[in-house]
Every structure is written in structure tokens, then in C-alpha cells.
Amino acid sequence: MFRKEGLTLYSLLQVKSGGNIHACMQACRPCSSPATGLISSSIAWRNLREHVDGIFDLHLKDLLQDERRCRDMIKEYDGIVLDYSRQRATSCTFKFLLALAKEAGVKEKIDMMFEGKHINKTEDRAVLHVALRAPRTEKIVCDGKNVVPDVWDVLDKIKCFSERVRSGSWVGQTGKVLKDVVAIGIGGSYLGPLFAYTALQTGAELVQLLANVDPIDVAIALNGLCPETTLVVIVSKTFTTQETMLNAKTMRTWLIASVGKEGIAKHMVAVSTNLKLVKEFGLDPDNAFAFWDWVGGRYSVCSAVGLLPLAIQYGFNKVNQFLEGAWSIDSHFRCAPLEDNIPVILGLISIWNVSFLRCPARAILPYSQALQKLAPHIQQVSMESNGKGVSMDGRPLDFHAGEIDFGEPGTNGQHSFYQLIHQVITAVYSPTHVCEPISNHDELMCNFFAQPDALAYGKTWEQAKAEGISDDLIPHKIFTGNRPSLNILLPTLDAYTLGQLLALYEHRVVVQGFIWGINSFDQWGVELGKSLAGKVRLSMNSVRMKGEELKGYNYSTTYLLNRYLKGKTL
Ligand code: F6P
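Reading the values: the criteria
Residues numbered from 1 in each chain as written. Predicted model: local features only at pLDDT ≥ 70, side-chain atom pairs only at ≥ 80, totals over all residues. Heavy atoms only, no water. UniProt positions renumbered as here; feature names shortened; annotations may be inferred. Core = buried A, V, L, I, M, F, W, Y, C linked by side-chain atoms within 4.5 Å. Buried < 20%, exposed > 50% of the residue type's maximum accessible area, 1.4 Å probe, protein only. Helix = DSSP H or I, 4+ residues; strand = E, 2+ residues; numbered from the N terminus. Contact = heavy atoms within 4.5 Å. Pairing = 2+ DSSP bridges. Axes fitted to C-alpha atoms, helices over the stretch in contact; angles between N-to-C directions. Patch = residues over 30% accessible without salt bridge, like charges linked within 9 Å, V, L, I, M, F, W, Y side chains within 5 Å. Areas by Shrake-Rupley, 256 points an atom, 1.4 Å probe, with all protein chains shown as cover. Salt bridge = Lys/Arg side-chain N within 4 Å of Asp/Glu carboxyl O. Parallel < 35°, antiparallel > 145°, perpendicular 65-115°, else oblique. Left-handed = near helix turned anticlockwise from the far one by under 90°. Nonpolar A, V, L, I, M, F, W, Y, C, P; charged D, E, K, R; others polar. Polar contact = N/O pair within 3.5 Å; in protein donor to acceptor, adjacent residues only side chain to side chain. 1 Å grid on protein atoms, 1.4 Å probe; cavity = no way out; pocket = protein on both sides within 12 Å on 5 of 7 lines; lining within 4 Å. Points joined across faces, edges and corners; volume = space filled by probe spheres on them. Near = heavy atom within 4 Å. Sits in = over half its atoms within 2 Å of the grid points.

- As named in an unreviewed UniProt entry, the protein chain is Glucose-6-phosphate isomerase, taken from Sphagnum troendelagicum.
- Its UniProt record gives the protein chain the following Pathway (unreviewed entry) comment, quoted word for word: "Carbohydrate degradation; glycolysis; D-glyceraldehyde 3-phosphate and glycerone phosphate from D-glucose: step 2/4."
- Per UniProt, the protein chain has the following entry under Catalytic activity (unreviewed entry): "alpha-D-glucose 6-phosphate = beta-D-fructose 6-phosphate".

The structure is reproduced here in C-alpha cells:
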């Protein structure tokens, strides 16, 4: 099923203003602990399963008539407006969902996260990306140590270094001022920084971000750059990721050819948790910006991973504002009651759509071109985190979890995949319309306000007929509507609100994982692909270097690999 962050639905009962909704009248059974260890065996989950049948008969056009319901489904916090009234849900649905959140121990799990407990059990690690944006005076303890001073040591180092690069006092080996910066990374070491960096872009670019090992990408990144005036930032949490390390070696060779080995210290720096490997790569540890294993790759935007490029490009003030925005949401997430807690509500809406309405696809549609990299970043945050088939303790899930995210800036999406959302799929839920209302965005805003209703109401045969549409065209021009969406409105798009938006999405994903009972902080599926690629690499080398026969693969892989190797030698 597809949902639009903001709308979709089936209809059921007539909902009149002030009238009762049948499905909501269902009694909420008292909750008890799940017998099988999966949340799906809890009473709260079963209550929702029974409740959902009633929801399938409801239509959004009816639900939207109930002003009291709509008022209850709009929340505001620190300038952020969330409107989820176009969800296929009644106030009773939210009562059941909140009961589920309590049953799953969401509040307790949030506390454990902020307390530095090792909630990433399969890797035996704490999950403390919130500590990255904590004010200097905060205390956040992990394994008996307050980590906030360490975070601020690195922040101070980023400030100092970025100011030197920006002011021209950090010069290259030949004494020239650095004019270009290339940051190399992949996954969380690329997508998050790219999202934040693009969102704040105003025109002149100093920093470029490079991810792929495709030689074309490296060539494009280096096009027009002079090694004497270029700084390369290697961004890798592990400092072992093949794609990044290959690109890093290419860049190092490119630099050495002009500035010599001794010049590397002026032209190459690293962001990593693995300072030992940084040193072995030949970089001065003084030129390394550390972070910690309690920061997951996809949650690392607020570490030096994202902040170093931001600071070099936009200055450290912006970095501060970005962190303050994220911390504002962190504090809300930690302290607000579940029923008013925006990330918790967002997480519950996802659970409802994915596990109960069976709408696992979600379109993310920012009505702001600056947020063009939001969807790719959230794809990783959400799908790598919650694309799991087993619970934290290894039991196969017996319900749908994880969602399929995609998206484009809003109006681009309208001219692309919206047709399918309007007429074909009911499997997509709520495209999140994220928007910033600033005056010269009126055209964008018109679309922002129009789309959720177009999706919710659709168009009937009678309406089409009344518009004078000929009978043969009417089937093409009618839409059942009832597509759910939710809207997030930002007061403006600046470093502060960008930090808020990032933290909202990060916590939303975490809430989903807390409720589904999965580990949102590991990625063993990705690791499997990495180790298989390692095996192929060894085989390729033996064929190339020693002329050995390829063995150990199925027919298809053997054929393709041989074909590839043959092609290379033709
Ligand atoms: O895609 C898998 C992954 O491990 C991500 O979680 C991570 O963000 C990315 O690879 C890059 O890893 P690293 O920062 O260690 O190079």
C-alpha cells in the first residue's frame, strides 16, 4: 500500500460533526504483557487489529467534517506544526495507539536511550546521537563517563579548523589558500551531510560531496580542481568501507603527485571513530575529527561527519543553530507526554499505516527545493534502521514492519508519480508534505495546500458530470480519494529548523523500532552484501593475477563474472 505523508483512506461510517464514530466506540481492553515476546501478541495490538476493520469503511471526506477531531489532530511545538487530520484514523485509533506505545514501553526506552544504556543489543552499544547536540552544560553519561565534554572538544576543533580554512590562514603545502573541499563518504557518511548541506545552500559552493566509486564520479569531482588548493575530507565511521577507501586512495595519489607525501597533512583530513586506521592510512591524528561508536552511521549528521562540511561552507554559527534546533526536538522528545510528543505521534502514524492499514510505502514531499535531499537521507535512516525481519531477541516478526520511502520536492512529484497515487495505489500512505511558508513560495504553497485535499477527497462521478465532462472521459477523471497524508509546516527553512526536522525524523524512526521491538541501530543485511563483495573481489584477483578458474559460484554469477572479466581483456 502507498501512503502520502499526509493522506489516504477507505471510508466507512458517516462522520458528522459531533457525531460518534462506530469504530471508536469499541472498548479498549486492558493491556497485558505479550505472551510470545512479540508486540503483536499484546492486547493493545489485538485491540488495534479489531479496530482497523471499522476504519476500512470510513472515508476521509467524512472524517474531515469533524472539526473537533481535526483540531485534536493538529499539534504545535517550537514553531513546527504537525497536522495529521488527513490520516485514516479516528480519535479512538489514537487512544489505541497510545495504549500500544505504553505497552511497548516507549517512554522507558526513550529514557534508556538518553541514559546511555546499551539499547543497540546486537552490537552491545549505546545510542547517543542526542549527545551530539547537547549544550555544553548538559551531562549525558555513557559507560560511567559524561560524554558531553568529549563532544564539545571535537566541536571546538571543528570551529577552529573551519575558521582557519574559511579565513585562508590554513594554506596548502605550496602556500596557496585552499579554494575547494571534497568530502568523500558513503551511506550515512554521505547522505546525511548531503541533505543538510544542500538545504542551506545559497549559491557559491566551496565543498563538494563524493560517494560513488564509479570513476566518472571521481573525474567529475576533480574536474577543474587543483591539488595545491584542494582539501580532501575522508568521512568514514569505520575507515574500512571499500568504496570510500578506494576513493580516498585515488585522491591521495592525485594529491601526492602535486604536493608530495609531506604535503598530505595540509590537504587531507579525516572524520572517523577509527583513529588507529586513520593513522595507518598516513594521516596526522591531529587532522582527524573523532566520533564514537555510540553514534550510528545514519544518525551521524550532527557529529563531525555532517558538521565539518557545514562549518567549512557556512561557518560555525550555522552549525550552532543547527545543533540548537535538533536539541529543541530532543528535549521535547524526552519530556513531552506521549499524546503531545510529535516524534512519538509520527512514529505511531507509521505503525498504524504499515502494520494495520497495510500501507508500507511512504512518499516524502518537501515543498521546498532546498529539501531535495531529505527523501534520500530518510530512505537510509528509515529503511536501514527498520528494515528488519526479526525482533531484538531474534524472533521472526509475524507482522508487517518497515516502510518503503521515496520522494521528491513536492511539485516535481506532482508532475511525476502523483497520478499513480491518485488513481491506482491505495498502498501508499501519507506523503509527508514538509513546507516552509515564505512569501515568494506562494506558488509552491498553493500546491502544498491543494494536494492533501485532492488526495483526501478525490472526485466523484457526479462532480465530474456536473463539470460537463463527457461520459467517455469521466472514468479517467474520477478518483476515489481517501489517500492519507500528513503535513509538517516549518516557519522558515534555516539552520535551526533544519536541525529540528532532522531530529523529528530520527526520533520517529526510533519510536517505530521501539514499538515493533526491533533493533533500529544495526544493519546486518548490509554487512552480508559487504562480505559477499569481499569474496568476489578475492576471486577476481585470483583470476586476473594468477589466471585461476572461477569457482564456488552458481551458474548465473559464474556466467556474469566470466563475461565481465572477458570483456575487460578483449
Ligand atoms: O550502508 C552500510 C553502512 O554501514 C552505513 O550504515 C554507513 O553509514 C555506511 O555503510 C558507511 O560506513 P562508514 O562511515 O563506516 O564508511
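Having put the structure on the table, let's press on.
### Remarks on the nonpolar core
Next up, step 1: Core analysis: the largest hydrophobic core is formed by 132 residues, its most contacted members being Trp294 and Phe322.
Next up, step 2: In terms of residues, this core owes the most to one element, helix H21 (residues 495-516), which gives 13 residues.
Next up, step 3: Setting aside its immediate chain neighbours within four residues, Trp294 contacts Ala126, Val127, Leu128, His129, Ala131, Leu132, Cys142, Val147 and Val151.
Next up, step 4: In this structure, Val182, Leu225, Phe239 and Leu283 belong to the second largest nonpolar core, which totals 23 residues.

### Examining the sheet that holds strand S8 (residues 207-210)
Next up, step 1: Taken in spatial order, the five strands make up an open sheet running S8-S7-S9-S10-S11, and their pairing is parallel. Sheet topology places S8 and strand S11 (288-290) at the edges, where each strand pairs with a single neighbour. Here the strands of the sheet are splayed against their neighbours by 20° on average, with no regard to which way each runs.
Next up, step 2: With four bridges joining them, strand S7 (residues 180-184) and S8 adopt parallel strand pairing. Each residue of the ladder has a partner; that of Val182, found in S8, is Gln208.

### Considering a nonpolar patch on the surface
Next up, step 1: Residues Tyr555, Tyr559 and Leu560 make up a contiguous nonpolar surface patch of about 410 Å² in total accessible area.
Next up, step 2: With respect to the helices and strands, Tyr555 occurs in helix H23 (residues 555-569).

### Details of the side chain of Thr244
Next up, step 1: By the element assignment, Thr244 lies in helix H9 (residues 242-259).
Next up, step 2: Look at Thr244 and you get buried, because its relative accessible area is 2%.

### Section: the packing of helix H13 (residues 316-335) against H21
Think of two packed helices as two axes; the pair is described by the angle between the axes and how far apart they sit.
Next up, step 1: Contact pair H13 / H21: the axes reach a minimum separation of 7 Å and the direction vectors enclose 40°. When the axis of H13 is compared with that of H21, the two are oblique. Of the two possible hands of crossing, H13 and H21 adopt the one that is right-handed. Between H13, through Lys318, Gln321, Phe322, Glu324, Gly325, Ala326, Ser328, Ile329, Asp330 and Phe333, and H21, the contact on the second element is made entirely by Ala495, Tyr496, Leu498, Gly499, Gln500, Leu502, Ala503, Leu504, His507 and Val511.
Next up, step 2: In the contact of H13 with H21, the residues fall into 11 nonpolar, six polar and three charged.

### Considerations on the environment of Ser41
Next up, step 1: Mapped onto the elements of the fold, Ser41 is located in the loop between strand S2 (6-8) and helix H1 (43-55).
Next up, step 2: Sequence separation of Ser41 and Asp453 is 412 residues, and the distance between their C-alpha atoms is 36 Å.
Next up, step 3: For Ser41, the side chain forms a polar contact with the main-chain oxygen of Leu38, separated by 2.9 Å.

### Observations concerning the pattern of salt bridges
Next up, step 1: Per the counting criterion, the structure on display carries 24 salt bridges.
Next up, step 2: Of the charged contacts, one joins Arg334 and Glu115 as a salt bridge, the two residues approaching to 3.9 Å between their closest N and O atoms. Highlighted residues: Arg334 in helix H13 and Glu115 in the loop between helix H5 (106-114) and strand S5 (141-142), separated in sequence by 219 residues.
Next up, step 3: A salt bridge links Glu506 to Arg133, with the shortest nitrogen-to-oxygen separation between them at 2.7 Å. Linking Glu506 in helix H21 with Arg133 in the loop between H5 and S5, this pair joins segments that are 373 residues apart in sequence. Of the two residues examined, Glu506 and Arg133, each falls in the buried class.
Next up, step 4: One continuous salt-bridge network, built from bridges that share partners, spans Lys107, Asp111, Glu115, Lys117 and Arg334.

### A closer look at empty space enclosed by the protein
A probe as big as a water molecule, rolled over the atoms, marks out the empty space that is left.
Next up, step 1: Applying the stated rule across the entire model yields one cavity of 30 Å³ or more.
Next up, step 2: In this structure, the largest cavity spans a volume of roughly 50 Å³.
Next up, step 3: If you trace the largest cavity, you find it lined by Leu132, Val151, Val154, Leu155, Ile158, Ala290, Trp292, Cys302, Ser303, Ala304 and Leu307.
Next up, step 4: Among the secondary structure elements, those contributing two or more residues to the lining of the largest cavity are helix H6 (148-167) and helix H12 (304-314).

### Observations regarding the site of the ligand
Next up, step 1: The environment of the ligand is made up of 16 residues, and the closest members are Gly188, Ser189, Ser236, Thr238 and Thr241.
Next up, step 2: Within the backbone of Gly188, a nitrogen or oxygen atom sits 2.7 Å from an oxygen atom of the ligand.
Next up, step 3: Thr241 is positioned such that a nitrogen or oxygen atom in its side chain is 2.6 Å from an oxygen atom of the ligand.
Next up, step 4: Protein contacts shield 90% of the accessible area of the ligand, which totals 400 Å² for the unbound molecule.
Next up, step 5: More than half of the atoms of the ligand fall within 2 Å of the grid points belonging to the largest pocket.
Next up, step 6: At the level of secondary structure, the elements contributing two or more residues to the shell around the ligand comprise helix H15 (374-386) and helix H22 (524-546).
Next up, step 7: Top contributing element to the shell around the ligand by residue count: H22, with three residues.
Next up, step 8: A class-by-class count of the residues in the shell around the ligand yields two nonpolar, nine polar and five charged.

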